[in-house]
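Structural characterization, general
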Amino acid sequence: MKIVSITLMIPTVRGEKKNSFVGLTNLGATCYVNTFLQVWFLNLELRQALYLCPSTCKDYMMEDGIQEEKDYEPQTICEHLQYLFALLQNSNRRYIDPSGFVKALGLDTGQQQDAQEFSKLFMSLLEDTLSKQKNPDVRNIVQQQFCGEYAYVTVCNQCGRESKLLSKFYELELNIQGHKQLTDCISEFLKEEKLEGDNRYFCENCQSKQNATRKIRLLSLPCTLNLQLMRFVFDRQTGHKKKLNTYIGFSEILDMEPYVEHKGGSYVYELSAVLIHRGVSAYSGHYIAHVKDPQSGEWYKFNDEDIEKMEGKKLQLGIEEDLAEPSKSQTRKPKCGKGTHCSRNAYMLVYRLQTQEKPTTAIQVPAFLQELVDRDNSKFEEWCIEMAEMRKQSVDKGKAKHEEVKELYQRLPAGAEPYEFVSLEWLQKWLDESTPTKPIDNHACLCSHDKLHPDKISIMKRISEYAADIFYSRYGGGPRLTVKALCKECVVERCRVLRLKSQLNEDYKTVNNLLKATVKGSDGFWVGKSSLRSWRQLALEQLDEQDGDVDQSNGKMNGNTLNKDESKEERKEEEEELNFNEDILCPHGELCISENERRLVSKEAWSKLQQYFPKAPEFPSYRECCSQCKILEREGEENEALHKMIANEQKTSLPNLFQDKNRPCLSNWPEETDVLYIVSQFFVEEWRKFVRKPTRCSPVSSVGNSALLCPHGGLMFTFASMTKEDSKLIALIWPSEWQMIQKLFVVDHVIKITRTEVGDANPSETQYISEPKLCPECREGLLCQQQRDLREYTQATIYVHKVVDNKKVMKDSAPELNVSSSETEEDKEEAKPDGEKDPDFNQSNGGTKRQKISHQNYIAYQKQVIRRSMRHRKVRGEKALLVSANQTLKELKIQIMHAFSVAPFDQNLSIDGKILSDDCATLGTLGVIPESVILLKADEPIADYAAMDDVMQVCMPEEGFKGTGLLGH
C-alpha cells in the first residue's frame, strides 16, 4: 500500500548563527543586481553613510509609531537602498524581495543585462543623488570609497614636451586577452604607446605633428579598488559579443605601489570580493558573488536566496570553475600557490586598502528603519505561525486518512463473497491523495445500454460488497455496478466482431476466387468496382468502429493518430464516400446507368460480402437502371448537340474575334472606320472557352459591359489608359462585328469611341469621343483606393537583389527565406490629377442622371471588377521574401540577413533610387509595395576592431539600460 503525504511550504527563517546573512530573491534574470547589492551592503562605510541620509519615512511615521493601515513605499533610490540594507541587516527572513528597488530603477526583470555596465551606471546615479546632501560624509562617500585619479601623459619625441589630461575613475577596465596574471593585465593597462605615422601627435610646442609616446599614470587610488576584467568582447565573425573563458590568476594581497606615480604611500590592498559569471555565453548564464565579511574576515558565497559560508575563512572558487561547459580546446587550470587563485569566470575583483581599520562595533540601523524592519519581522512571524498551523492540520488529516485506508485496505479484495466494480482511477486517488475524495463516478464505463461495457473491465477494480457499501455511504456517487452489471448484448456483439475479424482474411481469399468465375444467368448481383477494390479495408474499419476504437480513423492502416473531433469528422466523410456498394447509386438512390462503374458477382460472393455489410444497397442483375437518369441522359445529349450547333454558328459569325486576328488598336487607329466598340475582355475569354469546348462549358448569352462602368453609368477608363495599362481589360470590336454581337447576345450597355476631325487647320485636329463619358470622380476615387491598397497589405511578396559595383549578382551561400510559391496579384495604376486625359480625347455628355451612391460602396463594387496583374517575373539569383506593410525596416533586415548572410549593420538598401535608412519606419510608409524590387549593397568587412565597435554603435545599438532609471540622471 502506498501512502503519499502532502508537504506544505515551510517558512524560510534566517539562520540562528552569528553573522549569518540574508539572501535576495531572483526576480527572473536579476542575479546581476543581487550580486552588487550584497557587495555594496558589505561595504560598511557606504552602508553607514546611507543610514545617515535623510528620509521621508519620518513623514510616514506617527507619534505612536508606524501607520498600520498602509505599507511604507520608499520615494528615492537612497531610501530604497536604506530600507533594503536595513532588511539585509536585521530581517528574520532567509531572503528578501528586492522588487521595489528593481522597479524604481525601471529594470526588465526578464532580461539579463551587462553586470559591469550596471555597476558603472548605478554608481554614477548614486553619486549624482548624494551630491545634493548637506552632510559631507554622505555627499562624498562615493568619491571617498571608489574614486581614484589617473592622467593621460603624452611626451613629444622631438622637444620632450609633456602634456597631461587628468581623469577620475571608479574602476579600472583591464584587458585579459593574452594574459594569465592580474599583474600582467595592470601592466598592459599602464604600458607606453607609440604614436607614429598617421597616428602622430600634434605638439603645441613644435606646432606640427611629431612622433610621441602616450601612457597612463596612476595618481591616486581609492579605498575600494574595483578591477573590471573585460571578459565580454565583440566577435567580428558572428557580429555578437562573446565571453573569454581564459584563466586569470590573482592574489589575495595586491601591492599597487609599483604602478603609482607617487611612491612612499601605503598601497597594499587585500581581496574583499570576487564576482563570478557562470556560463560560456555573454548573453546568458548566472551571476554570483564571493564576498569577505569585513568584521569576521570569513568568506561567503552569495547566490541569490542561498548563502553559503566558506570553511576555514578561505576563498574557494573551485566549484564555480567546474560549472563552465568543457571544451576540447579548453586549457587546464593552472596551479595556484598559497594566497593566490585562478578563475576563468571572475569578471570583477574588489580590493580594499589594507591600512583601513577594521570596525569593532556593529553598525546600528536608524530607529525609523528598525521600526519598519520590526514590522516586517512581525508579519513574517505571523505567517510562520499560520503555515505551522496549516501543516499541523494537514498532518492530522493525513493521519485520519491513513487510519481509513488501513481499515478498508484488508477488506478491499473480493473473495467468494459478492463483489462490485469501482473505477480504478477513483481508487488510486483515494489511496494516493489526502485531499477530500470526490464522489464515485462510473458513468464513463457504461455502454449504450447503461450497463458495464465489456471493454471497460480493464479500468475497473473488483472489490468486496462490504467495502463498496462503506465507499458509497461515505462518498456517494454511482451508479453501482454489481456482478450482474456486465452488458450481455455488448458481449455478444463483441464476440461477433472478433469472429468476423479472425475470419476476414480467409473470406477475402474466398471472395477473390469467386470473382474469377463468370456469372451466368440472372443469379448475379451488381457491385461497384471501387467497393470491390477496397471491401476488405472497409470491413476492417467498420469492425474497428464497432469494436469501440474511438480514436481510429484508418489508423491501423496508415498509423495516423487524430484527436476526437478530427477523427469524427473524417469518419463521417469516409462514411459518406466509402460506404460499401454506394458507389453505384445514382442521385435518385437507384442503380446508376454507367456499366463501366459496376460488375456482376455471383450469389455466393454477394452472401460473403453481406456478412460484413448487411446494410449495403442490393441490386440483383435483373434490376433496371434509374429511369430518371435515362431521361436526363437523353436530354444531356440533346443539349450537347444544341451547344455544338450554337458554338459553330457563333464561330462562323465572328471568325476573327475567335481567332484573335485583325484586331483594331487604339494607339494605331485603323483608317477604314471612325467608330470602334468596346466589350469586356472577360466576355471574350469566356465566349472563346465555350466555342472551343461547347460540351463542357455553358453558352454565353449576354455581354456584361456594366463591369467597365461606375455606378453612375460613367466610363472608368481614359483614352490614354485604354492604350496602355487598361488595354488588358477591354476588347475592341469592329462595327460589322458589333452588329453580329447585338444579334447573337443580349447587350446591357453600349460603349463606343468615335474619331472626329475638328478645326479648319490642315491637317485638322483629331479628337476621340467616348459614349458614355468618363466619370472623373469615380476614376479618381478608384486610383486613390488602389494606392491605399498597395500600402495596406499582409504576407505579400517582394524581391531583393544583391548588387556589387551596381551590378546584380547571384548569391547562393544562403537558402531562401519565405519564398512565395505563388505570385501576388495587386491593383496598381499610377494616380494622376483629374486632367490626366489625352488633350484630344473629349467626352460627350451621355445625359445619364447620377445616382446617389456612397464612395465606400462604390470602391467595394469596383474592386471586384477591375483587377490588374502586377506580377514580377523573378530572375535568377533573386530572393523572394514575404512581408507586411506594418513590418519595420529593421525586421526586414533580419529576414535579409538570413537570406543573404549579410548582417543588418552591413546592409545598404534602396528602392527606385531612394535610400532606406530608418529602421523604425514601416515598409508601407517607406513606399515598399507588393512585387517591389529592393537593391541590397553589402559593406565590405572591417578589419579594425576599434572601427568595428564604432560601426556597431552607429548601425546596430544595443538596447541595454535604455529607458531605465539608470539613465534618467
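Residues numbered from 1 in each chain as written. Predicted model: local features only at pLDDT ≥ 70, side-chain atom pairs only at ≥ 80, totals over all residues. Heavy atoms only, no water.

1. A word on the overall build of the protein chain
Scanning the protein chain for helices and strands turns up 28 helices and 41 strands. Across the 969 residues in the protein chain, those meeting the buried criterion constitute 43%. With the model as given, the accessible surface of the protein chain reaches about 53,500 Å², and the carbon-plus-sulfur share is 48%. (Helix = DSSP H or I, 4+ residues; strand = E, 2+ residues; numbered from the N terminus. Buried < 20%, exposed > 50% of the residue type's maximum accessible area, 1.4 Å probe, protein only. Areas by Shrake-Rupley, 256 points an atom, 1.4 Å probe, with all protein chains shown as cover.)

2. Description of the confidence of the model for the protein chain
Chain-level statistics for the protein chain give a pLDDT mean of 78 and a share of 80% at 70 or above. Under a pLDDT of 50 for its full length, residues 549-568 has, in the predicted model, 29 contacts with residues more than four places off or in other chains. When the criterion is pLDDT under 50, residues 806-870 qualifies, and its contacts beyond four places in sequence or with other chains add up to 151 contacts. (pLDDT = per-residue confidence, 0-100. Contact = heavy atoms within 4.5 Å.)

3. A short note on the sheet that holds strand 11 (residues 212-220)
With antiparallel pairing, the 4 strands of this open sheet are ordered in space as 6-5-11-8. Looking along the sheet, the strands with just one partner apiece sit at the ends: strand 6 (162-169) and strand 8 (193-195). The sheet shows a mean angle of 30° between the axes of neighbouring strands, taken without regard to direction. Relative to strand 11, strand 8 is paired through 3 bridges, and the arrangement is antiparallel. (Pairing = 2+ DSSP bridges. Axes fitted to C-alpha atoms, helices over the stretch in contact; angles between N-to-C directions.)

4. Comments concerning the environment of Cys775
Turning to its location among the elements, Cys775 is positioned in the loop between strand 35 (765-771) and helix 25 (776-790). A residue is classified by how much of its surface remains accessible, and Cys775, at 2% relative accessible area, is buried. In the structure, Cys775 is positioned 62 residues away from Gly713 in sequence and 8.1 Å away in space, judged by C-alpha atoms.

5. Remarks on a negative patch on the surface
Negative charge collects at one region of the surface, where Glu633, Glu635, Glu637, Glu638 and Glu640 lie side by side. Structurally, Glu633 is set in helix 20 (residues 627-653). Exposure remark for Glu633: the relative accessible area of 40% places this residue in the partly exposed category. (Patch = residues over 30% accessible without salt bridge, like charges linked within 9 Å, V, L, I, M, F, W, Y side chains within 5 Å. Salt bridge = Lys/Arg side-chain N within 4 Å of Asp/Glu carboxyl O. Lys, Arg positive; Asp, Glu negative; His and termini not counted. Charge placed at Lys NZ, Arg CZ, Asp CG, Glu CD.)

6. Describing helix 2 (residues 44-51)
Extensive coverage of helix 2 is indicated by the burial of 6 of its 8 residues. Listed in full, the buried residues belonging to helix 2 are Leu44, Leu46, Arg47, Ala49, Leu50 and Tyr51. Residues of helix 2 that are buried sit in contact with helix 1 (31-41), helix 4 (77-90), helix 6 (115-130), helix 7 (136-139), helix 8 (141-146) and helix 11 (367-409).

7. Points about the sheet that holds strand 34 (residues 752-758)
Strand pairing in a sheet relies on backbone hydrogen bonds. The paired strands run either parallel or antiparallel. Pairing is antiparallel across the open sheet formed by 4 strands, whose spatial order is 32-30-34-35. If you trace the sheet from one side to the other, it starts and ends with strand 32 (730-733) and strand 35, each paired once. Adjacent strand axes in the sheet meet at a mean angle of 30°, parallel and antiparallel pairs treated alike. Summarising the sheet, strand 30 (residues 675-680) and strand 32 pair through 4 bridges and their orientation is antiparallel. Within the sheet, the bridge partner assigned to Ile678 lies in strand 32 and is Leu732.

8. Topic: the packing of helix 14 (residues 488-516) against helix 19 (residues 603-612)
Interaxial distance between helix 14 and helix 19 falls to 10 Å at its minimum, and their mutual angle equals 155°. Judged on the interaxial angle alone, helix 19 and helix 14 are roughly antiparallel. Seen from above, helix 14 lies across helix 19 with left-handed handedness. Listed contacts from helix 19 to Arg496, Leu500, Gln503, Leu504, Asp507, Thr510, Val511 and Leu514 of helix 14 are Glu604, Ala605, Lys608, Leu609, Gln611 and Tyr612. Residues of the contact of helix 14 with helix 19, tallied by class, amount to 7 nonpolar, 3 polar and 4 charged. (Parallel < 35°, antiparallel > 145°, perpendicular 65-115°, else oblique. Left-handed = near helix turned anticlockwise from the far one by under 90°. Nonpolar A, V, L, I, M, F, W, Y, C, P; charged D, E, K, R; others polar.)

9. Points about the packing of aromatic side chains
Scanning the model with the defined rule gives 29 aromatic pairs in all. Judged by centre distance (6.2 Å) and plane angle (70°), the rings of Tyr150 and Phe189 are edge-to-face. In this pair, Tyr150 sits in strand 5 (residues 148-156) while Phe189 sits in helix 9 (residues 182-190), placing the two residues 39 residues apart along the sequence. We classify Tyr150 as buried; its relative accessible area is 10%. Summarising the aromatic geometry, the rings of Tyr419 and Phe421 are spaced 5.8 Å apart at their centres and angled 90° between planes, so their arrangement reads as edge-to-face. On the basis of relative accessibility, which here comes to 11%, the residue Phe421 falls in the buried class. Grouped by ring-pair contacts, the aromatic residues Tyr32, Phe36, Trp40, Phe101, Phe118 and Phe122 constitute a single cluster. The side chain of Arg536 reaches across the aromatic face of Tyr508, ending 4.1 Å from its centre. Between Lys879 and the ring centre of Phe900, over which it is positioned, the NZ or CZ distance is 5.7 Å. (Phe/Tyr/Trp six-rings, centres within 6.5 Å; stacked < 30°, edge-to-face > 60°. Lys NZ or Arg CZ within 6 Å of the ring centre and 35° of its normal.)

10. Re the nonpolar core
Phe118, Phe122 and Leu126 are the most contacted members of the largest nonpolar core, which has 67 residues in total. At 9 residues, helix 4 tops the list of elements feeding residues into this core. Within the second largest apolar cluster, 37 residues are counted, among which are Cys185, Phe250, Tyr259 and Tyr269. (Core = buried A, V, L, I, M, F, W, Y, C linked by side-chain atoms within 4.5 Å.)

11. Here we look at unusual backbone geometry
Here the residue pair Gly478 and Pro479 is connected by a cis peptide bond, since its omega of -5° sits within 30 degrees of zero. As for its position among the elements, Pro479 is in the loop between strand 26 (477-478) and strand 27 (481-482). The residue after Glu771, namely Pro772, is reached through a cis peptide bond having omega 0°. Following the sequence through the fold, Pro772 ends up in the loop between strand 35 and helix 25. Phi is positive for Asp450, close to 60°, though the residue is something other than glycine. Here Asp450 is to be found in the loop between strand 24 (440-441) and strand 25 (460-464). Phi is positive for Ser901, which is not a glycine, with a value near 60°. Looking at the element boundaries, Ser901 is found in the loop between helix 27 (889-900) and strand 39 (907-911).

12. Topic: the packing of helix 1 against helix 4
The interhelical angle for the contact between helix 1 and helix 4, taken along N-to-C directions, is 80°, at an axis separation of 11 Å. Relative to helix 4, the element helix 1 is oriented roughly perpendicular. For the pair helix 1 and helix 4, the contacting residues are Leu37, Gln38, Trp40 and Phe41 in the first and Leu81, Leu84, Phe85, Leu88 and Gln89 in the second. Residue composition of the contact of helix 1 with helix 4, by class: 7 nonpolar, 2 polar and no charged.

13. A short note on helix 19
Those residues of helix 19 not exposed but buried are Ala605, Trp606, Leu609 and Tyr612. Along helix 19, the residues classed as buried sweep out an arc of 110° about the axis, all on the same side. Pointing more than 90 degrees away from the buried face of helix 19 are the exposed residues Lys603 and Glu604. (Arc of directions from axis to C-beta.)

14. Some words on the pattern of salt bridges
As enumerated under the stated definition, the model contains 25 salt bridges in all. A salt bridge links Arg623 to Glu590; its shortest N-O distance comes to 3.9 Å. In this pair, Arg623 is assigned in the loop between helix 19 and helix 20 and Glu590 in the loop between helix 18 (564-578) and strand 29 (598-601), connecting sequence segments 33 residues apart. Classification of Arg623 by relative accessible area gives partly exposed; the value is 36%. For Glu590, a relative accessible area of 34% corresponds to the partly exposed category. With its nearest N and O atoms 3.4 Å apart, the salt bridge here joins Lys689 to Glu686.

15. Focus: the side chain of Asp304
Examined against the element boundaries, Asp304 turns out to sit in the loop between strand 19 (299-303) and strand 20 (306-309). Look at Asp304: it is buried, it has no salt bridge, and the nearest opposite charge is Arg278 at 8.3 Å. A distance of 3.0 Å separates a polar atom in the side chain of Asp304 from a polar atom in the side chain of Asn26. Dropping the residues within four chain positions of it, Asp304 is found in contact with Gly23, Leu24, Asn26, Cys31, Asn34 and His286. (Polar contact = N/O pair within 3.5 Å; in protein donor to acceptor, adjacent residues only side chain to side chain.)

16. Topic: the side chain of Asn705
Topologically, Asn705 is positioned in the loop between strand 31 (702-703) and helix 23 (719-723). We classify Asn705 as buried; its relative accessible area is 0%. At 2.9 Å, the side chain of Asn705 forms a polar contact with the backbone oxygen of His749.

17. Comments concerning the pairing of strand 34
Pairing analysis gives 3 bridges linking strand 30 to strand 34, with the strands arranged antiparallel. Its bridge partner being in strand 34, Leu676 is matched across the sheet by Ile753. Bridging between strand 34 and strand 35 involves 7 bridges; their strand directions are antiparallel. Paired with Glu757 across the strands is Thr766, a residue of strand 35.

18. Quick notes on the state of the cysteines
For the structure shown, the criterion picks out 0 disulfides. We note that Cys629 lacks a disulfide partner, and the nearest cysteine sulfur, in Cys626, lies 3.7 Å from it. (Disulfide = S-S within 2.5 Å.)

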